[in-house]
Amino acid sequence: MELDRKSIKEFTELIASKAPFPGGGGASAAVAAIGVALGDMVGELTVGKKTYAAVEDEVKELMAHAQELREKFLSLINKDAEDFKPLSKAYSIPKDDPNRDEEMERCLRLAAAAPLEIFDLTCEAIELFMPLAQKGSKLAISDAATGVVFCWSAMYGAAINVKVNTKPMKDREYAEEINKHIDDAMQKYWPIAEQTYEFVYQQF
């Protein structure tokens, strides 16, 4: 499956259809990819300018990280769809099948894996934007704010797509461990995203 190679029109049409994927996880990955691309653009408009020569090396490092994250997010659009397939089939297993619970548990864990990875990467991405907003080209500072909001939104989207899979899990210890990881990370990273956006917003 190559969802990441579809046009925006095709991709959004698939989301809007009855097709089981892409869904919230893949959409979150796509939004995050756009978000970090905006961060990378801030860097592109900064490097090579005499005004920003003192921060060029740091900005280049931020750009390289953004580029790496963008590629990972794009690959996760496909992974999320592939990992959801077994779960979509498992729901049709008869409830009196003695193997149903074990298969459902396996598929729920698999379906949670991609959105969990998307979630963790959005947290990484959010950290890139404050230094880009502070040190990047003033001509592109609004794009840093837009990018961090996209990654912030993707973080929330990925989080709920993890929790929709942990809720039915029979292994509650495993599920609650993942839920705690999500909750703790959100408490840490949403203020970073908000502060970055406010830093930029207050300049206009």
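Reading the values: rules and limits
- Residues numbered from 1 in each chain as written.
- Predicted model: local features only at pLDDT ≥ 70, side-chain atom pairs only at ≥ 80, totals over all residues.
- Heavy atoms only, no water.
- Salt bridge = Lys/Arg side-chain N within 4 Å of Asp/Glu carboxyl O.
- Helix = DSSP H or I, 4+ residues; strand = E, 2+ residues; numbered from the N terminus.
- Axes fitted to C-alpha atoms, helices over the stretch in contact; angles between N-to-C directions.
- Parallel < 35°, antiparallel > 145°, perpendicular 65-115°, else oblique.
- Left-handed = near helix turned anticlockwise from the far one by under 90°.
- Contact = heavy atoms within 4.5 Å.
- Nonpolar A, V, L, I, M, F, W, Y, C, P; charged D, E, K, R; others polar.
- Phe/Tyr/Trp six-rings, centres within 6.5 Å; stacked < 30°, edge-to-face > 60°.
- Lys NZ or Arg CZ within 6 Å of the ring centre and 35° of its normal.
- Core = buried A, V, L, I, M, F, W, Y, C linked by side-chain atoms within 4.5 Å.
- Buried < 20%, exposed > 50% of the residue type's maximum accessible area, 1.4 Å probe, protein only.
- Expected span 1.5 Å × (residues − 1).
- Bend = angle between axes of the 7 residues up to and from the residue.
- 1 Å grid on protein atoms, 1.4 Å probe; cavity = no way out; pocket = protein on both sides within 12 Å on 5 of 7 lines; lining within 4 Å.
- Points joined across faces, edges and corners; volume = space filled by probe spheres on them.

Caption draft 1: Expanded view of the pattern of salt bridges. In total, this model carries 13 salt bridges according to the counting rule given. Taking the shortest distance from any N to any O, the salt bridge between E56 and K60 comes out at 3.3 Å. Of this pair, E56 and K60 both sit in helix α3 (residues 56-90), separated by four residues, roughly a single helical turn.

Caption draft 2: Structural view of the packing of helix α2 (residues 24-44) against α3. Taken N-terminus to C-terminus, the directions of α2 and α3 make an angle of 160°; their axes are 8 Å apart at the nearest point. Regarding the angle of α2 to α3, the classification is roughly antiparallel. Crossing of α2 against α3: the hand is left-handed. Between α2 and α3, the residues in contact are G25, G26, A29, A30, A32, A33, V36, A37, D40, G43 and E44 and V59, M63, A66, Q67, L69, R70, F73, L74, L76, I77 and D80, respectively. A class-by-class count of the residues in the contact of α2 with α3 yields 14 nonpolar, four polar and four charged.

Caption draft 3: Looking closely at the packing of aromatic side chains. This structure, assessed with the given rule, holds one aromatic pair. Arranged with centres 5.6 Å apart and planes meeting at 25°, the rings of Y197 and Y201 form a pair that is stacked. In this pair, Y197 and Y201 are both assigned in helix α6 (residues 172-201), four residues apart and thus about one turn of the helix distant. Lying over the aromatic face of Y174, R109 brings its terminal NZ or CZ to 3.6 Å of the ring centre.

Caption draft 4: The nonpolar core, seen in detail. Judged by nonpolar contacts, the single largest core of 52 residues is most densely connected at V36, L69, F73, F119, I126, M155 and I182. With 12 residues, the single largest contributor to this core is helix α4 (residues 100-135). Counting residues in each nonpolar core, the second largest holds 10 residues, with L87, C107, A111 and A175 among its members.

Caption draft 5: Structural detail: the environment of Y52. Its place among the elements puts Y52 in the loop between α2 and α3. Sequence separation between Y52 and P20 is 32 residues, and the spatial gap between their C-alpha atoms is 47 Å. The contact partners of Y52, leaving out residues within four places of it in the chain, are T46, K135, G136, S137 and K138.

Caption draft 6: Region of interest: α3. In this model, α3 (35 residues) spans 51 Å end to end at C-alpha, consistent with the 51 Å of a helix rising 1.5 Å per residue. Taken as a whole, α3 carries its principal kink of about 25° at F84; the proline P86 stands between one and four residues after it.

Caption draft 7: Fine view of the layout of surface pockets. In this structure, the largest pocket spans a volume of roughly 300 Å³. Along the wall of the largest pocket there are 16 residues; nearest its centre are I8, F11, A30, I34 and I77. Mapped by element, the contributors of at least two residues to the lining of the largest pocket are α1 (8-16), α2 and α3. When residues of the lining of the largest pocket are assigned to their parent elements, the largest contribution, five residues, is made by α2. Here the lining of the largest pocket is built from residues that sort into 11 nonpolar, two polar and three charged.

Caption draft 8: Just the packing of α2 against helix α5 (residues 141-166), in detail. Contact geometry for α2 and α5: axes closest at 8 Å, N-to-C directions at 160°. Considered as vectors, α2 and α5 are oriented roughly antiparallel to each other. As α2 runs across α5, the sense of the crossing is left-handed. Each of G24, G25, S28, V31, A32, I34, G35, V36, L38, M41 and V42 in α2 lies in contact with α5, whose residues at this interface are D143, A144, T146, G147, F150, C151, A154, G157, A158 and N161.

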